[in-house]
Amino acid sequence: MSPSQHVMCFLKELKDEKGIFQAFIEILKKEENALVEGKIEAIDFLASDKSRLIEELIQFDEHRTDYLKKQGLNLEKNSIDAWLMGLIEQHSDLLEVKNLWNELLDLARIAQQLNHSNGLMISTQLQHNQRAFAALHCAAGNVSLYGPKGQTYI
């Protein structure tokens with residue numbers, strides 16, 4: 001396979017990865033809405049799709065990492081940016097590769113922010129549930145429970 005064919009395969013993988021990232025972000029947005037609306041069963045339903053998309057993203061990451069290492073890159077942003085600029089200088093029609101790369105970086109940031117936000121909402125809900133359970137537990141006059149290391153909880 002010629003170097004230009006390798007780059008075209010890389011471009012196709014970036015396009016495919018972008019589609020998976022967009023689907024993943026949609027799942028995270030649905031998860032966010034379910035958390036806000038208190039629809040716990042919807043979160044369970046979304047979990048399998050979320051897991052499947054994460055697996056696909058991991059595979060794309062592994063393929064991309066292998067390809068970039070074969071190009072002699074050290075996988076740092078500056079190194080990848082310089083390599084992409086070199087591609088564009090050699091083949092001006094490859095500007096799409098750099099644009100796709102930047103779009104992927106943006107999508108990754110959005111996914112990270114949504115996932116962090118959803119995690120905070122889940123943590124807050126868990127704390128609320130634990131406090132409610134503790135109040136019910138105390139109201140019933142029950143003895144404290146102990147964790148596996150002997151610490152009291154609830």
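Residues numbered from 1 in each chain as written. Predicted model: local features only at pLDDT ≥ 70, side-chain atom pairs only at ≥ 80, totals over all residues. Heavy atoms only, no water.

Asker: How would you summarise the overall build of the protein if you had to cite specific residues and measurements?
Answerer: When helices and strands are tallied, the protein shows four helices and two strands. Starting at the N terminus and walking to the C terminus, you meet the elements of the protein as α-α-α-α-β-β. Pairs at least 24 residues apart make up 60% of the contacts formed inside the protein by residues separated by at least 6 positions. Carbon together with sulfur atoms contributes 55% to the accessible area of the protein, which is approximately 10300 Å² in total. (Helix = DSSP H or I, 4+ residues; strand = E, 2+ residues; numbered from the N terminus. Contact = heavy atoms within 4.5 Å. Areas by Shrake-Rupley, 256 points an atom, 1.4 Å probe, with all protein chains shown as cover.)

Asker: With reference to specific residues and values, describe the layout of surface pockets.
Answerer: In this structure, the largest pocket occupies an estimated 250 Å³ of space. At the level of secondary structure, the elements contributing two or more residues to the lining of the largest pocket comprise α1 (3–37) and α2 (40–70). Looking at side-chain class alone, the lining of the largest pocket contains six nonpolar, three polar and five charged residues. Taken together, Phe21, Phe24, Lys50, Ile54, Leu57, Leu105, Ala108, Arg109, Ala111, Gln112 and Asn115 make up the full set of residues lining the second largest pocket. For the lining of the second largest pocket, the secondary structure elements donating two or more residues are α1, α2 and α4 (95–139). By residue number, the principal contributor to the lining of the second largest pocket is α4, which donates six residues. When its residues are assigned to classes, the lining of the second largest pocket shows seven nonpolar, two polar and two charged. (1 Å grid on protein atoms, 1.4 Å probe; cavity = no way out; pocket = protein on both sides within 12 Å on 5 of 7 lines; lining within 4 Å. Points joined across faces, edges and corners; volume = space filled by probe spheres on them. Nonpolar A, V, L, I, M, F, W, Y, C, P; charged D, E, K, R; others polar.)

Asker: Residues and numbers for the side chain of serine 79, please.
Answerer: Within the secondary structure layout, serine 79 lies in helix α3 (residues 77–90). If we ignore the near neighbours within four places in the chain, the residues touching serine 79 are Leu73 and Asn74.

Asker: Tell me about the pattern of salt bridges, and please be specific about residues and values.
Answerer: Counting across every chain of the model gives twelve salt bridges. Between glutamate 96 and lysine 15 there is a salt bridge whose closest N-O contact spans 3.3 Å. Of this pair, glutamate 96 sits in helix α4 while lysine 15 sits in helix α1, and the two are 81 residues apart along the sequence. Classification of glutamate 96 as partly exposed rests on a relative accessible area of 36%. Residue lysine 15 is classed as partly exposed on the basis of its relative accessible area of 40%. Ionic pairing is found between lysine 39 and glutamate 37, a salt bridge with its closest N-O pair at 3.1 Å. Put simply, Glu17, Asp61 and Arg64 are held in one network by salt bridges that share partners. (Salt bridge = Lys/Arg side-chain N within 4 Å of Asp/Glu carboxyl O. Buried < 20%, exposed > 50% of the residue type's maximum accessible area, 1.4 Å probe, protein only.)

So far we have only geometry, and geometry alone does not tell us how the molecule works.
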